[in-house]
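Coordinates in review
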Amino acid sequence: MKRPQSFRCAHCRLDVPTDAPGTQHRNHCPSCLWSRHVDARPGDRAMSDDCGSAMEPIAISVRGKGEWVLIHRCTGCGELKSNRAAADDSPLLLLRLAVRPLAMPPFPLDLLAQV
């Protein structure tokens, strides 16, 4: 079965090429970082009949020797998935996700002065 050359982003509606630098299976939009719940395993498209909902980028994780990984939450079923960041992903949006916990701490920052 031939792999499609592009897909339409479910969030921003951009036409996204399936080839991406830094990953073998592009599954998210480099412009808005949203994905779609279509894979049980990377590239298999097994979930497309079961869910197919948009997946919101909610966080960044770092694995191994500094490889950034996007964490997506499915807006339909709530499942969490990790997806390798691609070289052409928006650097501004990647950094925005990475600093979100620092921008929204779970305690008042003035408590740090007491430590």
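Small disclaimer: the values here were computed from a predicted structure and weren't measured.

**Considerations on the pairing of strand β6 (residues 80-84)**
On a regular strand, each side chain points to the face opposite its neighbour's, so the side chains alternate between the two faces of the sheet. The alternating pattern of β6 places K81 and N83 on a buried face and L80, S82 and R84 on a face that is not buried. Following strand β5 (residues 67-74), the chain reverses through five residues before pairing antiparallel with β6; G78 in that reversal takes a positive phi of roughly 85°.

**Some remarks on the sheet that holds β6**
Strands sit in the order β3-β4-β5-β6 across an open sheet of four strands; the sheet is antiparallel. The outermost strands of the open sheet, each flanked by one partner alone, are β3 (35-36) and β6. Where β5 and β6 come together, five bridges link them in antiparallel fashion. By the bridge assignment for β6, R73 is matched with L80.

**Overview of helix α1 (residues 91-103)**
With 13 residues, α1 should cover 18 Å at 1.5 Å per step; its first-to-last C-alpha distance of 17 Å lies within 8% of that length. The sharpest bend along α1 measures roughly 30° and falls at L97, with the proline P101 sitting one to four residues further on.

**A short note on the pairing of strand β4 (residues 54-63)**
Where β3 meets β4, two bridges bridge the pair, whose relative direction is antiparallel. Within the sheet, the bridge partner assigned to S35 lies in β4 and is M55. Pairing of β4 with β5, which is carried by eight bridges, proceeds in the antiparallel orientation. The residue bridging E56 from the neighbouring strand is R73, located in β5. Here β4 hands over to β5 after three residues, with G64 in that stretch at a positive phi of 55°.

**Quick word on the confidence of the model for the protein**
Residue-level pLDDT values for the protein average 85, and 87% of them are 70 or greater. Per-element mean pLDDT across the protein ranges from 84 in strand β1 (residues 6-8) up to 95 in β4.

**Brief notes about unusual backbone geometry**
Within the chain, R13 stands out as a residue other than glycine whose phi angle is a positive 70°. Within the fold, R13 resides in the loop between β1 and β2 (15-17). Positive phi, close to 75°, is recorded for L33, a residue that is not glycine. Inspection of the secondary structure puts L33 in the loop between β2 and β3. What makes L33 buried here is its relative accessible area of 1%.

**Notes on the pattern of salt bridges**
Scanning the model with the defined rule gives five salt bridges in all. Ionic pairing is found between R8 and D15, a salt bridge with its closest N-O pair at 2.9 Å. A salt bridge links R26 to D88; its shortest N-O distance comes to 2.6 Å. Highlighted residues: R26 in the loop between β2 and β3 and D88 in the loop between β6 and α1, separated in sequence by 62 residues. For R26, a relative accessible area of 2% corresponds to the buried category. D88 sits in the partly exposed class, given a relative accessible area of 35%. Because the salt bridges share partners, they merge into one network encompassing R63, E67 and R84.

Each value, and the rule that gives it
As a convention, each chain's residues are numbered from 1 in the sequence order in which they are written. The predicted nature of this model means local features are confined to residues of pLDDT at least 70 and side-chain atom pairs, given and counted, to a pLDDT of 80 or more, with totals for whole chains, interfaces and linings taken over all residues. Side-chain metrics in this entry use all non-hydrogen atoms of the structure; hydrogen atoms and water are not considered. In this scheme, a residue with accessible area under 20% of its type's maximum is buried, one over 50% is exposed, and one in between is partly exposed, where area comes from a 1.4 Å probe on protein chains only. Secondary structure is summarised from DSSP: a helix means a run of H or I of at least four residues, a strand means a run of E of at least two, and numbering begins at the N terminus for each. Pairing between strands requires that DSSP locate at least two bridges from one strand to the other. Here the expected span of a helix is defined as 1.5 Å times the quantity of residues minus one. We define the bend at any residue as the angle between the axes fitted to the seven residues before and including it, ending there, and the seven starting there. A residue's pLDDT is the confidence the predictor assigns to it, expressed on a 0 to 100 scale. The salt bridge definition used is simple: a Lys or Arg side-chain nitrogen within 4 Å of an Asp or Glu carboxyl oxygen.

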